[in-house]
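An overview of the molecular structure
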Amino acid sequence: MKNESNSNPRNRPLYIRRVEKSNPEEQLVSSLTKKFGERFTNYRKEYFKVLNNPEHNYNFFPEFPINVLVEVLNKCNLECIMCLSSHRKGPTKVIEDDMITKLFQEFKDNKLPALMFGAGEEPLMYKDIDKMWEKANSIGIMDNFLFTNGTFLTEEMCHKILDSKVSRVFISIDAATEETYRKIRQTNKSIESDVEGNNKLQIIKEDENRLEKIENNIRKLVELRDSKKLSLPLIRVSFAVQHANKHEIELFKNKWECIVDFIEFQETQNIGFDKLAKLSEKERWMRREPLYKTDYKKDCNAPFHSATVWSDGSVIPCCTFQGKNLTLGNIKGIPELGIPAQTLKELWNGEKINELREQFKTGKLNIVCQSCLNARQTELWENIEEERK
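Procedures and definitions
Residues numbered from 1 in each chain as written. Predicted model: local features only at pLDDT ≥ 70, side-chain atom pairs only at ≥ 80, totals over all residues. Heavy atoms only, no water. Pairing = 2+ DSSP bridges. Helix = DSSP H or I, 4+ residues; strand = E, 2+ residues; numbered from the N terminus. Contact = heavy atoms within 4.5 Å. Axes fitted to C-alpha atoms, helices over the stretch in contact; angles between N-to-C directions. Buried < 20%, exposed > 50% of the residue type's maximum accessible area, 1.4 Å probe, protein only. Parallel < 35°, antiparallel > 145°, perpendicular 65-115°, else oblique. Nonpolar A, V, L, I, M, F, W, Y, C, P; charged D, E, K, R; others polar.

As for the sheet that holds strand β4 (residues 114–117)
- Sheet architecture is open: 10 strands sit in the order β1-β9-β8-β6-β5-β4-β2-β10-β11-β12, paired in mixed fashion. Each edge of the sheet is formed by a strand with only one pairing partner; in this case those strands are β1 (16–20) and β12 (329–330).
- Where helix α1 (residues 24–36) meets the sheet, its contacts fall on β1, β5 (143–148), β6 (168–172), β8 (234–241) and β9 (262–267), and the angle it forms with β8 comes to roughly 150°.

Following this line, the structure appears as structure tokens:
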């Protein structure tokens, strides 16, 4: 791949490399500035200010998250080999109506700029996802993201996405052939029993040529968007680089580079979540000297701009499964454990997350963050060069 980037821009995480058909930021700004004016401009300025935090000793964070990721259920119809499957074991949890009401009121009161759905689940299994987008639009959320595996991206759903003015649709694929796709993105064999009797959820019939169907769904979304002369949503496909698919990097690039707005190649984590979860809370949070002796990575902007709210009400300071080992508190509260209900704003300005921010200032990070930043399959990913516009 030809490298058209002269620098290492900070407008995306350092574990992502892109191939762009056009400049997605310019595409986003051009469309949404017309609609929201100075408010959207200020949102992007604030976001990029946070991304430059490591160069300024993490001296800035807003009073409320810039973007919030919401999990609407704790299940997925797929079981990918690189994903944290233990997160989805046990009882099915679906976000409760009163929690939705509480969250959206807080989003409105604090003028939340960006809202994301798809925190590790498949959000399109939630039948009323379009009503979530409707709520978001009604309270002035400007930048609505959807993270999906694409299996529910039917033509009907494509129309709902366009009608709901979703600004970004990010589809995870991780393969260029059906054979490799099925090795990585396996079927969750318990999904039917997981959703049985729950009228808020839906499942889709398994298809022999699932990758082909998803690819056609994505092309249909692009076609419908373009036929309506819309510039949004931005449509991205992603590829988590790992041993099972590394031979298909170029094939994947060639397949998508002229179709979607951009491709992201992502560095795969070696998730040690369950091992870390066995540590006490004190052991997980305590500051430590670097545990990785070579090429130690110690920078992360997430606790300065984002928060994730899981379907059970728990809140973490980033968007990764690893962050579940650094829970800040719970929106609903857990009375039996003595955990009080707190607002998102209280948790965002609370003692725990401020301790985490101090850790990034000192470089002495807890074991969870060190693991997340450093336990990655870098050797497979580092030779991918970007093509940025």
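Considering the pairing of β9
- Most of β9 sits inside the fold, with 6 of its 6 residues counted as buried.
- Residue alternation in β9 divides its side chains into two sets, F262, E264 and Q266 and I263, F265 and E267, and both sets are buried.
- Judged from the 5 bridges that link them, β1 and β9 form a sheet pairing that is antiparallel. Note that in β9 the partner of E20 across the bridge is F262.

Section: the packing of helix α4 (residues 129–138) against helix α5 (residues 155–163)
- Relative to each other, α4 and α5 sit at 10°, their axes nearing to 10 Å. As far as their axial angle goes, α5 and α4 are roughly parallel. Packed against α4, whose contacting residues are I129, D130 and W133, the element α5 presents M157, K160 and I161 at the interface.
- Counted by class, the contact of α4 with α5 contains 4 nonpolar, no polar and 2 charged residues.

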